Amino acid sequence: MNIALVLEQLLNGVQLGVMLFTMASGLTLVFGVMGLINLSHGSLYMMGAFICAYVAGITGSFWIGLLAGALGAGVMGAIIELVVIRRLYDRDHLDQVLATFALILIFSEGTSWIFGASPLWLDMPDLLSGSVSLPGGVTYPLYRLMIIGVGIVIAIGLYLLISRTRIGMRIRAGENDREMIGALGVNISALYTFVFAVGAVLAGLAGSLLGVLQSVQVGMGEPMLILAFVVIVIGGIGSIKGALVGALLVGVVDTLGRIFLPGLFSLVLDNADATSVGSALASMLIYLLMAVVLAVKPKGLFPANA
Amino acid sequence: MRKLTRESWINSSLVLLLALAPLCASLLDEPYYVNLASRVVIIAMAAVGLNLALGFGGLISFGHAAFFGLGGYVAGVAAYHAFDGSYFIGVIPGSDQMPVIWLVAVLVAGLAATFIGVISLRTQGVYFIMITLAFAQMIYYFAISFPTYGGEDGLSIYVRNSLFSLDTSDPLIFFGICFFSLMLSIFVTRRIMGSRFGAALTMARLNDIRLATSGVEPFPIRLTTFVLSAMITSGAGALFADLNGFVSPSMLSWHHSGELMVIVILGGVGRLFGPVAGAVVFVLLETFIGGFTQHWQFFLGLILLSVVLFANGGLIGLLAGRPRHD
C-alpha cells in the first residue's frame, strides 16, 4: 500500500463527494424551504443524463449536451413542480413519499419507453480525456479533476447565492417562516418553483457529468438518490453546510472502504473470506456511519433551524 | 346483534371473493390463477404487517422490504441447507419444515426489527423514513455481496417446503395455507388494536405527549408495534419464497418497500382490510396492464399519483366513507 494509491483513492472519494453534494444540495434546499421530501430527485438526475447523451449524440459536442442536460432537467423540474409538487406542500410526508414514488415510476418507465431498455453511452470530451501528474507521484484523469473543480464552483456559487443575494435572503426567510415572507409580499409560489428548478438543474448537471463515467440507463438515479438521502440525513436535513460535510464524508468513506476493507480483513481471515466479508461490509459502511451519526445526533450533524 | 356497517360488508365480500376465486379456478383446472391468488394473499399479508406500523402506529417505515426479504431468505437458506445436508455457519442444520422456517423467520425479523427500531425510533418524521430506508439498503447490499447464498443471482428452493403431511405443491392447498396465514394476521392485528395496547398505540400516533402525561411511555409501545409489524411481514416473506421457489435480493430492494406502502395507501391507511383491497388491486393491475404493455408501471404511477392527489382514504375509504373514529 503506497501513498500514491491512497492519494488517488482520496481524490476519487472527493470526486464522488462533490457530485453527491450537487445532488444533495437540491434535495436539502427543497426540504428546508418547502418541507417536501422528494424521491423523484433521482429521476431528474437520470433525465439530465439522458438529455445530455441524446443531445451530445446529435450535435457531437459534449458541452452542448451538458448545457442541454442541466437546462432540460431544470425545465422538467419546473414543470413537475407546477403540475404535481405544489399540491403536496400541505400534505404529510407519507403523501409526499407516495406521490414522488409515483413520479419515479412514471419517469423511469417513460424514459425506457422513449429511449429503449439498452443504455446510452456518453463519450468523454477529447479536451479532458488525458490525465495529469500531481505531486506525490499520482497520475489522475483530467476529467475527474474537472468534476471536482465543478463541484467546488457549485459549492461556492450556492454559498454566494444563498448568503449574498436578494433571492438567497428570501430562501433563508422561507426556511424560517413561510407565512411571514408571504405576508411581506414575496411571491411564494414563484420562489418555490425557482428553488425546485435550481435543485433540478443541479441534479441534471450531476447526471450529465457522471453519465460519462457510467452508462446512461434507466434506474441510474436511484443509487445516487439513496446516497444523497444518506448525505442529507447525516448532515442534517435542510442544511447546505451539512450537505457539503456529509457528502464529502460519505464519498470518502465509501470509496476508501471499498478499496481498503477487503485488504484489511485479509490480515485476519483467509483470502476468499476476506474479500467477501470485506466487500459486504464496505457496501454497508456508509449506512453504518449514518446509523452511528443518528444514534448520537438524531437530527444530523448540522441541524437546520436549531 | 351489532348492525353491520358498510365497511364490514365490503370487507366480508372481499374475503369471500378472495377465497372463492381460487376454488373456481381450481375447478376449471387453471392453476395459474390459483397461484396468482396466492400471490395476492401473500402480498396482502406483508402489507397487513406494514399497515400495523404505518397505518395504526403512524410509523412511516420505508424499509419493510427488509423484513419481507429476511423472511424469504430464512426460507431459502433453510431449504438450501436441508437440500444438501450442510450446516448454516457450520453448526445449524437446514430444515424443510414450514413451521420451523416460519418460527425462525419471525424470530430473525423480530430481532432485526428490535435492533433497527431502537435506533430509528429515536428519530421522527422524515428522519425515520430515511433511516428505515437506509437500514433496508444495508441488508440489501449485504445479501448482494454474500456469494454463499447466490449474491446478486439469488437462491433457488428446488422442492417446496412441507407442512405436516399436506401436499404443499398442490396450488390449492398452498393457497389454503397462505389464506389461513393472512386471516390469522388480520385477526392478530384486530386483537392488538382492540386491546389497551392498541388504544395506547393510537394515542401515540395522535398525541404522544398526552399519552406520556397519562403515564404511558410512547417509545416501548412504538418499538413493540414496529417489531410485531416486521414479524408479520417476515412471515409473508417466507411464504413468498415458497410460492416462487426462489429468493433474490430484489425482495429486499427499496422498490419493494415502496410497493408495500403503495398497497397500504391504495387500500386505505389504518383500515383492517385496506391492505387486502390494495393487494388485490395492485396485483391485478400488475397482471392485466402488464399483459398488454411491459410499461405497466407507467400507468401504475399515474393511478397512484391520482389516488394520492385526489382520493385520500384509499379504496376502502372511497367505497365506505370515512371511519367513525378518526
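Everything numeric here is computed off the predicted structure, so don't read it as measured data. (Residues numbered from 1 in each chain as written. Chains lettered and ligands numbered in written order. Predicted model: local features only at pLDDT ≥ 70, side-chain atom pairs only at ≥ 80, totals over all residues.)

Q: Please provide a residue-by-residue account of the overall build of chain A, values included.
A: If you tally the helices and strands in chain A, you get 11 helices and two strands. Its helices and strands taken in sequence order, chain A reads α-α-α-α-β-β-α-α-α-α-α-α-α from the N to the C terminus. What you see for chain A is a C-alpha radius of gyration of 20 Å, in line with the 19 Å of a compact globule of 306 residues. Based on the C-alpha atoms only, the size of chain A along its principal axes is roughly 65 × 50 × 35 Å. Buried positions account for 52% of the 306 residues belonging to chain A. Restricting the contact set of chain A to residue pairs at least 6 apart, pairs at least 24 apart contribute 75%. (Helix = DSSP H or I, 4+ residues; strand = E, 2+ residues; numbered from the N terminus. Rg over C-alpha atoms; globule rule 2.2 N^0.38 Å. Buried ≥ 20, exposed ≤ 12 C-beta atoms within 10 Å, placed from the backbone. Contact = placed C-beta atoms within 7 Å.)

Q: If you had to explain the overall build of chain B to someone new, which residues and values would you point to?
A: Along its length, chain B carries 13 helices and four strands. The globule rule puts the C-alpha radius of gyration for 326 residues at 20 Å, and the 19 Å found for chain B is close to it. Principal-axis analysis of the C-alpha atoms gives chain B an extent of 55 × 45 × 45 Å. Out of the 326 residues belonging to chain B, those deemed buried represent 52%. Of all intrachain contacts in chain B linking residues separated by at least 6 positions in sequence, the fraction that spans at least 24 positions is 76%.

Q: Outline the interface of chain B and chain A, listing residues and values.
A: At the junction of the two partners, chain B supplies 36 residues and chain A supplies 33 residues. Looking at the side of chain B that touches chain A, the elements that each hand over two or more residues are α5 (126–144), α10 (254–267) and α12 (296–310) of chain B. The biggest single contributor to the side of chain B that touches chain A is α5 of chain B, with 12 residues. For the side of chain B that touches chain A, a count of residues per class yields 27 nonpolar, eight polar and one charged. (Nonpolar A, V, L, I, M, F, W, Y, C, P; charged D, E, K, R; others polar.)

Q: Could you give me a rundown of the UniProt feature "transmembrane region" (unreviewed entry) in chain B, with the residues and numbers involved?
A: Residues and elements named next belong to chain B. Annotation from UniProt places "transmembrane region" (unreviewed entry) at residues 36–54, 61–80, 100–119, 126–144, 172–189, 219–240, 260–285 and 297–320. For the annotated span residues 172–189, helix accounts for 100% and strand for 0% of the residues, and the straight-line distance between the end C-alpha atoms is 26 Å. For residues 260–285, the end-to-end C-alpha separation is 14 Å, with 77% helix and 0% strand making up the annotated structure. (UniProt positions renumbered as here; feature names shortened; annotations may be inferred.)

Q: Run through the nonpolar core, naming residues and quoting values.
A: With 209 residues, the main nonpolar core has L20, L98, A228, V230 and V231 of chain A together with V41 of chain B as its most contacted residues. Looking at this core, the element that brings in the most residues is helix α2 (residues 31–56) of chain B, giving 17 residues. The contact partners of L98 of chain A, leaving out residues within four places of it in the chain, are M261, V262, I265, L304 and V308 of chain B. (Core = buried A, V, L, I, M, F, W, Y, C linked by C-beta atoms within 7 Å.)

Q: For helix α10 (residues 240–265) of chain A, give the residues involved together with the corresponding values.
A: One turn of the α-helix equals 3.6 residues, which is why residues spaced by three or four share an orientation. End to end, α10 of chain A covers 36 Å across 26 residues, agreeing with the expected 38 Å (1.5 Å per residue, within 8%). The largest bend along α10 of chain A measures about 40° and falls at G257 of chain A. (Expected span 1.5 Å × (residues − 1). Bend = angle between axes of the 7 residues up to and from the residue.)

Q: Provide a residue-level description of the confidence of the model for chain A, including the pertinent values.
A: Looking at chain A as a whole, the pLDDT averages 84, with 96% of positions reaching at least 70. Least confident of the elements in chain A is strand β1 (residues 131–134) of chain A, whose mean pLDDT is 76; most confident is helix α3 (residues 62–83) of chain A, at 91. (pLDDT = per-residue confidence, 0-100.)

Q: Could you give an account of the confidence of the model for chain B, naming the residues involved and the relevant values?
A: All names here are of chain B. Per-residue pLDDT for chain B has a mean of 82; in total, 90% of the residues score no lower than 70. Confidence, read as mean pLDDT per element, is least for helix α13 (residues 314–320) in chain B (67) and greatest for helix α9 (residues 218–244) (90). As a predicted assembly, this complex carries a pTM of 0.84 together with an ipTM value of 0.80.

Q: Outline the environment of G238 of chain A, listing residues and values.
A: All names here are of chain A. Residue placement: G238 occurs in the loop between α9 (221–235) and α10. For G238, a count of 25 C-beta atoms within 10 Å translates into the label buried. For G238 and G26, which are 212 residues apart along the polypeptide, the C-alpha to C-alpha distance reads 9.7 Å.

Q: Give a description of α9 of chain A that names residues and reports values.
A: All names here are of chain A. Compared with the 21 Å implied by 1.5 Å per residue over 15 residues, the 21 Å span of α9 between its first and last C-alpha is a close match. Counting buried positions over the 15 residues of α9 gives 13, a clear majority of the element. Residue G236 follows α9 closely and has a positive phi angle near 105°.

Q: Outline the packing of α2 of chain B against helix α11 (residues 274–292) of chain B, supporting the account with residue identities and numerical values.
A: Helix packing geometry: the angle between the two helix axes and the distance between the axes. Residue and element names in this part refer to chain B. In the contact formed by α2 and α11, the axes pass within 8 Å of each other and the chain directions differ by 135°. Put simply, α2 runs oblique to α11. The handedness of the crossing between α2 and α11 comes out as right-handed. Contact residues: α2 offers L36, R39, V40, I43, A44, A47, V48, N51 and G55, while α11 offers G274, P275, V276, G278, A279, V280, V283 and T287. Partitioning the contact of α2 with α11 into residue classes produces 11 nonpolar, five polar and one charged. (Axes fitted to C-alpha atoms, helices over the stretch in contact; angles between N-to-C directions. Parallel < 35°, antiparallel > 145°, perpendicular 65-115°, else oblique. Left-handed = near helix turned anticlockwise from the far one by under 90°.)

Q: Please give an account of the environment of H256 of chain B that cites residues and values.
A: All names here are of chain B. Mapped onto the secondary structure, H256 falls in helix α10. Accessibility expressed as a C-beta count within 10 Å gives 22 for H256, which makes it buried. With 173 residues separating them along the chain, H256 and F83 place their C-alpha atoms 28 Å apart. Aside from chain neighbours lying at most four places away, what touches H256 is A65, F68 and M251.

Q: How would you summarise the packing of helix α1 (residues 3–34) of chain A against helix α5 (residues 142–164) of chain A if you had to cite specific residues and measurements?
A: Residues and elements named next belong to chain A. Between α1 and α5, the least distance of the axes is 9 Å, while the angle of their chain directions is 40°. Crossing geometry of α1 relative to α5 is assigned as left-handed. Where α1 abuts α5, its residues V14, Q15, V18, M19, F21, T22 and S25 lie against R144, I147, I148, G151, I152, I154, A155 and L158. Among the residues making up the contact of α1 with α5, the classes are represented as 10 nonpolar, four polar and one charged.

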